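One letter stands for each residue in the lines below.
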Amino acid sequence: DYSDEDYALTLGQLMEDPFVGSETRTNEDENEDFYLLSENNDDESRLSDVCDDSIDACPLYPDANISIGAFMLLIAIFCSKYNLIGDGIQQLLQIIALALPSGHNLCTTLHAFKMYFKNLKNPLVKHHYCAQCLAYCSSNNTVCPVCTKVMDKSNKRYFLEIPIENQLKNLFAQKGFYDRLQDRHKKKFNGIYEDIYHGTLYRNLFDNDGPLSSLDNLSFVLNTDGAPVFKSSKVSIWPIYLVINELPYKLRMRKENMILAALWFGNQKPAMGTFLKPLKKSFDVLHSGIICSSPERGEFNCKCYLLAATADLPARSLLCNSVQFNGKFGCWKCTQPGETAAVGKGHAHVFPFQIIDPKGPCRTADSVEKDADKTVKNYREKVRNPIVQGVKGPSWISYFPGFHCVQGIAIDYMHGVLLGVQKLLLTLWFSPKHKAKCFSVSTKTDTISSRLERIRPTLDITRLPRSIADMKYWKASEYRSFLLFYGAPVLHGILDHERFNHYLCLINAIHILLGHGSSERDIDRAERMLMNFCGKFEDLYSRSFMTLNMHQLVHLADGVRCLGPLYTHSCFPFEDKNGIVLKMIRGTQNIDNQIITGISFIQKIPELKQRFIEPDSVMESLCNEIENPYSVQRTEKIGDDTYILGAVKKRRLTDTEFNSMCAFTGNVICNNTVDSFMRLEKRSYLIYGLDYGRMIKRDNSTVMYKVRDELKFGSVCWFCKLTEPHLKTPIAFLQELSCPCFDTNSNILSVNKTNNLTVVKVSDIILMCMLVEVDQKLFICKFPNKLECD
């Protein structure tokens, strides 16, 4: 918090050149941890990106069929995967050395191991700031230029920058990386929203030969948020991540393809005017273009753009330099002021639904700039309430070249819808403190919990359902599963008819906005459902619960129109990466070095693999098994993007199965013994037959398939490879599920079991669904997309 004078000075500081005094970061202390990979030697302060290829190519021992480089890479991946610390690494090396013949070239000390990987570090830049006012300071400053405090060791702090330019060049140097960026050119916009490319912000830079129509240029989504390091202190880390939009979704969210641009560490939240200065300078350079080199493209000029930023509400207010979510004018999309409402013994700021113009008045980049200017003027003139329409002053992110400071700030559905609205609804329904309210169903808590715990989700859902009593421990992914899959089935017959239908509006709308391939018409329909949900919420519950999260629902459809489906700018993948970063911290010493070196190592693994590991080799398989120990192994390819998983065994058909087979083939088959298998991968779906005995708590058998242009549902029992001379195709035996009220627009459908065993071609299976059984009633739940992971 600044005084009026300090605030004005800080605004002036924002306008000055913030990059004077930055310095290259080298290790100042040695830490016996795997992630601190270089030593404190003066002749090593310059960190090279070039390995000694002659040493790397040497055999591990005389006549060995594995090189030093390949072996060291395998060991490093193993240590990283299983979080081995310094002593563990050294002991592992010594154990392996005992089994090697004399004359081997394997290092046996932690020091030598770290020295081998010293080249993995990207050059780091240290930026200083004042611990009192958080203003940016040159490394040569003896006093803070804003608050004039003496800049001694007790008052001088720093944060780290990992230059984006170097990271981009390293990524482009990888074989195949450039080609993977061209996925966007295969997805022309035709009114269907499949990815961030189809949002208006991207299309504005792509259409009519815009800069992003060039094969060489890139765009980013930025994220930042605080993550506590220790439970016993206020110390937290604030990383800034960048995701490359042009990579296919699954690839762009991998940890090795994300860019860690900066890291703030300490017991204070970052001052974004200070924290974003180096990043702003980097984007000024990237906007003009940098020279990169790719094995496929050669040298080229790459221009980069910041397309969007996503964060939770507290971090968003820091990025935008706006009031908090519980303040007047707290919405960043419109200038509705909201009002104060009584909540229990206290008060909260709420945003009642406006029947006329529920989304307006809309903010624009121009209006935000004018409000910031007015705020600065008010501070200079010492106006009593200087903040104008929630804008506390200039936002540094608004000065990024080409960035739209309103449309480019995404609404994150993970925090807003799941941890916001869905969690609120569950609290209203089941919390004892609301038991006297007409909307409470807290007496049915045990019934709901029992229903939840009997659900058998698919393997796509990471966590098994937990009871309502454990709700305070639920993660965001569990609220997502409840909203999209469990909520409607388990609440059927519990909520009254009006509130149940009201809840269905939210479910169906989020399904559409998360969908991979929703149309303009679908999004309009989702927006109407959300307007209906928000419009009726006050009458069905209370005005006092119309929080900013609830209000943001009216802007959610516009967010999809601007930035594509909700999952493309969700915080889910960034939360996961924060967990990875925190695992790199082994102790309280040199935390910044531990994290940065670990991230650099992760980003370097693909390059090392290309140098040391041959494609389709035993070593490549071993690398994949170490990194993904639970991945399913493919056995045989039997169609386009279709693979058998597991063993193929002989099976004798029962009379019912034999008759179903004959009905399918149109002939009496020659042999009633067939080649059968239980598991299949089709595109991104893993389908497990009901006869697969190891699936106890999960069910991956339910599919939607097409027969003569008619869509049907069924539960796969097992699969078969037909070897009849006139028909050679993989087929599935499945139990039909009848759907008396089928509606292509509905994402949750009621179905009934039948005794019909039918046979369909595997190629006629369209998608996999989730079957939810509640008190002997069955519901089919569709997945909105198969790209987003828990």
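- Per an unreviewed UniProt entry, the protein goes by the name Cr1-8 nvi and belongs to Pinctada imbricata.

Some details on the overall build of the protein
Step number 1: A count of helices and strands for the protein gives 24 helices and 28 strands.
Step number 2: The C-alpha radius of gyration of the protein comes to 29 Å, within 12% of the 28 Å expected for a compact globule of 790 residues.
Step number 3: Overall size of the protein, expressed as C-alpha extent along the three principal axes, is 90 × 80 × 55 Å.
Step number 4: Of all intrachain contacts in the protein linking residues separated by at least 6 positions in sequence, the fraction that spans at least 24 positions is 67%.
Step number 5: Of the accessible surface of the protein, which amounts to about 35,000 Å², a share of 49% is contributed by carbon and sulfur atoms.

Focus on unusual backbone geometry
Step number 1: With an omega dihedral of -5 degrees, the bond running from Gly360 to Pro361 counts as a cis peptide bond.
Step number 2: Among the structural elements, Pro361 can be located in the loop between β14 (346-350) and α13 (365-380).
Step number 3: You will see that Arg683, though not glycine, has its phi angle at about 55 degrees, which is positive.
Step number 4: Note on placement: Arg683 falls in the loop between β20 (679-682) and β21 (685-688).
Step number 5: Look at Arg683 and you get partly exposed, because its relative accessible area is 40%.
Step number 6: Even without a glycine there, the phi angle at Arg708 is positive, about 50 degrees.
Step number 7: Within the secondary structure, Arg708 is located in the loop between β22 (702-707) and β23 (710-721).

Some details on the pairing of β14
Step number 1: One ladder, built from five bridges, connects strand β13 (residues 339-343) with β14; its direction is antiparallel. Note that in β14 the partner of Glu339 across the bridge is Val350.

Here's the deal with the nonpolar core
Step number 1: Core analysis: the largest hydrophobic core is formed by 124 residues, its most contacted members being Trp429, Leu491, Leu506, Phe533, Phe537 and Leu553.
Step number 2: Top element by residues in this core is helix α14 (residues 413-430). It accounts for 11 residues.
Step number 3: Membership of the second largest hydrophobic core comes to 53 residues, among which are Phe159, Trp264, Cys292 and Trp332.

Describing the packing of helix α17 (residues 497-514) against helix α18 (residues 520-540)
The geometry of a pair of packed helices is captured by two quantities: the angle between their axes and the separation between those axes.
Step number 1: One way to put it is that α17 packs onto α18 with a least axis distance of 8 Å and a crossing angle of 145 degrees. Classified by chirality, the crossing of α18 by α17 is left-handed. On α18, the residues that touch Glu498, Arg499, His502, Tyr503, Cys505, Leu506, Asn508, Ala509, Ile512 and Leu513 of α17 are Asp522, Ile523, Arg525, Ala526, Met529, Leu530, Asn532, Phe533, Lys536, Phe537 and Leu540.

Topic: a positive patch on the surface
Step number 1: A contiguous patch of positive charge on the surface is contributed by Lys81, Arg180, Arg254, Lys255 and Lys583.
Step number 2: On the secondary structure map, Lys255 appears in the loop between α9 (249-252) and β9 (259-266).
Step number 3: Classification of Lys255 as partly exposed rests on a relative accessible area of 40%.

Quick word on the pattern of salt bridges
Step number 1: Counted under the stated rule, the structure contains 24 salt bridges.
Step number 2: Residue Glu527 is joined to Lys359 by a salt bridge in which the shortest nitrogen-to-oxygen separation is 2.9 Å. Of this pair, Glu527 sits in helix α18 while Lys359 sits in the loop between β14 and α13; the two residues are 168 residues apart in sequence, bridging distant segments of the chain.
Step number 3: Classification of Glu527 as buried rests on a relative accessible area of 14%.
Step number 4: A salt bridge links Lys650 to Asp675, with the nearest nitrogen and oxygen atoms 2.7 Å apart. Here Asp675 lies in strand β19 (residues 673-677) and Lys650 lies in strand β18 (residues 649-652), a separation of 25 residues in the sequence.
Step number 5: Given the relative accessible area of 63%, Lys650 is considered exposed.
Step number 6: Linked through salt bridges whose partners overlap, the residues forming this network are Lys359, Asp524, Glu527, Asp558 and Arg561.

Observations concerning the packing of aromatic side chains
Step number 1: Throughout the structure, instances matching the rule amount to 31 aromatic pairs.
Step number 2: Where Phe677 meets Phe719, the ring centres are 5.4 Å apart and the plane angle is 10 degrees; that geometry is what we call stacked. With Phe677 in strand β19 and Phe719 in strand β23, the pair connects residues that are 42 residues apart, well separated along the chain.
Step number 3: An aromatic cluster of three or more residues is present, and its members are Tyr129, Phe159, Trp264 and Phe275.
Step number 4: Above the face of the Trp718 ring, Arg651 is positioned so that its terminal group lies 4.1 Å from the ring centre.
Step number 5: One residue, Lys786, lies across the ring of Phe783, its end atom 4.5 Å from the ring centre.

Topic: the environment of Ser431
Step number 1: When you line up the elements, Ser431 lands in the loop between α14 and α15 (445-453).
Step number 2: Taking the C-alpha atoms as reference, Ser431 lies 45 Å from Asn378; in sequence the two are 53 residues apart.
Step number 3: Residues in contact with Ser431, not counting those within four places in the same chain, are Leu426 and Ser442.

A word on the sheet that holds β21
Step number 1: In space, the four strands of this open sheet follow the order β16-β17-β20-β21, with antiparallel pairing throughout. Either end of the sheet is taken by a strand with one partner, and the two such strands are β16 (634-639) and β21. Averaged over all adjacent pairs, the angle separating strand axes in this sheet is 25 degrees, with direction ignored.

Concerning the side chain of Ser236
Step number 1: Mapped onto the elements, Ser236 comes out in strand β8 (residues 236-244).
Step number 2: With relative accessibility at 12%, the residue Ser236 sits in the buried group.
Step number 3: What Ser236 contacts, discounting residues up to four positions off in sequence, is Ala227, Pro228, Val229, Trp264, Phe265 and Gly266.

Let's talk about the packing of α14 against helix α16 (residues 476-491)
Step number 1: Direction vectors running N to C along α14 and α16 enclose 45 degrees, while the axes themselves pass 9 Å from each other. Taken together, the axes of α14 and α16 are oblique relative to one another. Classified by chirality, the crossing of α16 by α14 is left-handed. Across the interface between the two elements, Tyr413, Met414, Val417, Leu418, Leu419, Gln422, Lys423, Leu426, Trp429 and Phe430 of α14 pack against Ala476, Tyr479, Arg480, Phe482, Leu483 and Leu491 of α16.
Step number 2: Its residues placed into classes, the contact of α14 with α16 shows 13 nonpolar, one polar and two charged.

Criteria and thresholds
- Residues numbered from 1 in each chain as written.
- Predicted model: local features only at pLDDT ≥ 70, side-chain atom pairs only at ≥ 80, totals over all residues.
- Heavy atoms only, no water.
- Helix = DSSP H or I, 4+ residues; strand = E, 2+ residues; numbered from the N terminus.
- Rg over C-alpha atoms; globule rule 2.2 N^0.38 Å.
- Contact = heavy atoms within 4.5 Å.
- Areas by Shrake-Rupley, 256 points an atom, 1.4 Å probe, with all protein chains shown as cover.
- Buried < 20%, exposed > 50% of the residue type's maximum accessible area, 1.4 Å probe, protein only.
- Pairing = 2+ DSSP bridges.
- Core = buried A, V, L, I, M, F, W, Y, C linked by side-chain atoms within 4.5 Å.
- Axes fitted to C-alpha atoms, helices over the stretch in contact; angles between N-to-C directions.
- Left-handed = near helix turned anticlockwise from the far one by under 90°.
- Patch = residues over 30% accessible without salt bridge, like charges linked within 9 Å, V, L, I, M, F, W, Y side chains within 5 Å.
- Salt bridge = Lys/Arg side-chain N within 4 Å of Asp/Glu carboxyl O.
- Lys, Arg positive; Asp, Glu negative; His and termini not counted.
- Charge placed at Lys NZ, Arg CZ, Asp CG, Glu CD.
- Phe/Tyr/Trp six-rings, centres within 6.5 Å; stacked < 30°, edge-to-face > 60°.
- Lys NZ or Arg CZ within 6 Å of the ring centre and 35° of its normal.
- Parallel < 35°, antiparallel > 145°, perpendicular 65-115°, else oblique.
- Nonpolar A, V, L, I, M, F, W, Y, C, P; charged D, E, K, R; others polar.

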